[in-house]
Amino acid sequence: MSRLIVVSNRVPMPAKDGSAAAGGLAVALQAALQARGGIWMGWSGESSGDREPGPLSQLQKGNITYALTDLTDTDVEEYYRGFANRVLWPICHYRLDLAEYGRKEMAGYFRVNRFFAHRLAPMIEPDDIIWVHDYHLIPLAAELRQMGLKNRIGFFLHIPWPPADILVTMPVHEEIMRGLSHYDLVGFQTDYDLQNFAGYLRREGIGDDLGNGSFDSHGRIFKAGAYPIGIETAGFADFAESAANNVMVQKTRRSIEGRDMIIGVDRLDYSKGIIQRLEAFERFLTGNPAYQNKVTYLQITPKSRSEVPEYEHMQKMVAEQAGRVNGAIGTVDWVPIRYVNRSINRTVLAGLYRLATIGLVTPLRDGMNLVAKEYVAAQNPDRPGVLVLSRFAGAARELKGALLVNPYDVEGTANAIARGLAMSLGERRERWSMMMEHLLSHDVSLWCENFLRDLVTAPELPRTIA
Ligand code: F6P
């Protein structure tokens with residue numbers, strides 16, 4: 001079996017005690033790497049200031065070599081904060097209004113991808129399979145090809161892919177699309193994203209859908225498909241069951257005694273629809289006064305990308321909104337919204353999901369949203385909670401037992417909250433079983449296997465068109 005080389009901007013390093021890093025994706029990729037042997041390469045998260053980064057720092061754990069590189073301050077500013085998070089991220093989340101196109105940042109993005117390629121190439125053997133993850137590294141395959149690498153290279157995009165009309169607003173849309181054509185397999189989260197990709201090729205007249213998942217574009221034939229990512233469903237369900245005994249979970253349970261709890265868990269990001277969700281919760285309480293003092297909404301929102309101005313602004317807005325609703329509706333003995341602005345331990349999180357009558361997952365746009373899947377997996381099968389889910393999350397394509405909402409429709413979301421709280425146990429069980437069955441049969445290990453199988457069986461070289 002060929003070795004596997006995974007490349008991603010961030011690398012989930014194993015915990016110091018030797019246990020695997022938390023999170024289904026990390027666990028699945030680490031399992032695939034362990035089985036085949038290989039390397040996980042990415043950014044260390046550290047800056048080397050204005051000096052060139054030193055050699056890769058390497059750590060060996062079983063069959064896996066973790067190889068991390070620092071980046072200079074300029075690289076971090078232009079590649080990560082600049083182009084990746086102020087152009088690609090907003091564009092892929094349909095936020096044209098937030099995209100900041102700077103020539104310097106665009107050049108920095110391509111430069112850092114070249115730098116990654118130069119650091120990676122010397123470690124690659126001819127039959128290694130390379131799997132690149134996410135929007136930070138789209139041009140990586142083109143750079144590796146430029147250096148003469150002929151290996152199978154796959155790419156998986158964890159975030160949405162927008163329609164052509166949105167993509168073409170990005171001055172370097174052609175270079176980005178050309179970058180994708182250098183992979184042998186390009187994976188998207190949903191068939192919608194795949195259709196957007198195919199639609200661009202058609203609309204711009206630069207490629208053809210050859211059928212059967214094959215495309216030709218920029219003189220290359222490659223495959224593209226939808227590979228909806230899953231979670232470690234069975235493991236997470238067991239984890240949530242035992243998390244019920246966690247001291248913090250029990251304390252929280254006592255603190256909400258006699259009330260229903262609604263939970264929202266999101267990185268602090270404008271794509272998550274947190275402001276609209278808080279408004280919907282407020283609308284629900286004012287429209288259903290009988291629920292006042294009977295329900296607590298816990299919003300857990302770790303800070304994210306705080307150096308990017310849009311995120312800093314968002315942080316202020318969410319805090320103000322939560323404070324305003326609490327001030328206006330709360331009473332001396334009841335705080336409607338508990339707003340936690342930091343990340344919490346995964347065991348506690350699993351236990352809290354299980355305590356909540358409603359999981360409120362209402363992003364304005366999301367590639368998949370694993371919180372929705374984890375909420376479902378964490379439920380007690382005897383009395384499961386209700387998932388209220390945005391129709392604009394990739395997960396909505398699969399979780400048919402959720403109450404689907406349009407997060408822009410504040411009143412509709414408020415009504416879904418009321419419906420979820422009033423739902424009979426019979427209906428809750430029926431909806432939950434349907435979703436859980438799906439999650440058990442489409443977990444993250446299967447996702448990983450499917451992608452790697454299709455990458456390995458992608459057409460043999462040469463794939464260029466004469
Ligand atoms: O979901 C996309 C993603 O970029 C993940 O790859 C990453 O773990 C997460 O968002 C957090 O973002 P960042 O790496 O910018 O802190």
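Residues numbered from 1 in each chain as written. Predicted model: local features only at pLDDT ≥ 70, side-chain atom pairs only at ≥ 80, totals over all residues. Heavy atoms only, no water.

- Taking an unreviewed UniProt entry as the reference, the chain is identified by name as Trehalose-6-phosphate synthase belonging to Rhizobium anhuiense.
- UniProt, in the comment section headed Sequence similarities (unreviewed entry), describes the chain in these words: "Belongs to the glycosyltransferase 20 family."
- In UniProt, the chain has this text filed under Function (unreviewed entry): "Probably involved in the osmoprotection via the biosynthesis of trehalose. Catalyzes the transfer of glucose from UDP-alpha-D-glucose (UDP-Glc) to D-glucose 6-phosphate (Glc-6-P) to form trehalose-6-phosphate. Acts with retention of the anomeric configuration of the UDP-sugar donor." (UniProt positions renumbered as here; feature names shortened; annotations may be inferred.)

## A word on the site of the ligand
Piece 1. For the ligand, the full set of nearby residues is R10, Y80, W89, D134, Y135, H136, R267 and R305.
Piece 2. Side-chain polar atom of Y135 to an oxygen atom of the ligand: 3.4 Å apart, as the coordinates give it.
Piece 3. At a separation of 2.7 Å, an oxygen atom of the ligand approaches a polar side-chain atom of R305.
Piece 4. Spatially, the ligand is embedded in the largest pocket. (Near = heavy atom within 4 Å. Polar contact = N/O pair within 3.5 Å; in protein donor to acceptor, adjacent residues only side chain to side chain. 1 Å grid on protein atoms, 1.4 Å probe; cavity = no way out; pocket = protein on both sides within 12 Å on 5 of 7 lines; lining within 4 Å. Sits in = over half its atoms within 2 Å of the grid points.)

## Focus on empty space enclosed by the protein
Piece 1. Applying the stated criterion to the full structure yields one cavity of 30 Å³ or more.
Piece 2. Quantified by volume, the largest cavity comes out at close to 30 Å³.
Piece 3. Lining the largest cavity, in full, are G385, V386, L387, G401, R428, R431, W432 and M435.
Piece 4. Listed by contribution, the elements that provide at least two residues to the lining of the largest cavity are β15 (386-390) and α15 (425-441). (Points joined across faces, edges and corners; volume = space filled by probe spheres on them. Helix = DSSP H or I, 4+ residues; strand = E, 2+ residues; numbered from the N terminus.)

## Digging into the packing of aromatic side chains
Piece 1. As enumerated under the stated definition, the model contains 25 aromatic pairs in all.
Piece 2. Taking the centre distance of 5.2 Å and the plane angle of 45° together, the rings of F188 and F197 count as tilted. For the pair F188 and F197, a shared accessibility class is recorded, and that class is buried.
Piece 3. Taken together, Y79, F83, Y109, F110 and F116 form an aromatic cluster joined through their ring pairs.
Piece 4. We note R305 situated over the ring of W89; from NZ or CZ to the ring centre the distance is 4.2 Å.
Piece 5. Sitting above the plane of the Y94 ring, R365 keeps its charged end 3.7 Å from the centroid. (Phe/Tyr/Trp six-rings, centres within 6.5 Å; stacked < 30°, edge-to-face > 60°. Buried < 20%, exposed > 50% of the residue type's maximum accessible area, 1.4 Å probe, protein only. Lys NZ or Arg CZ within 6 Å of the ring centre and 35° of its normal.)

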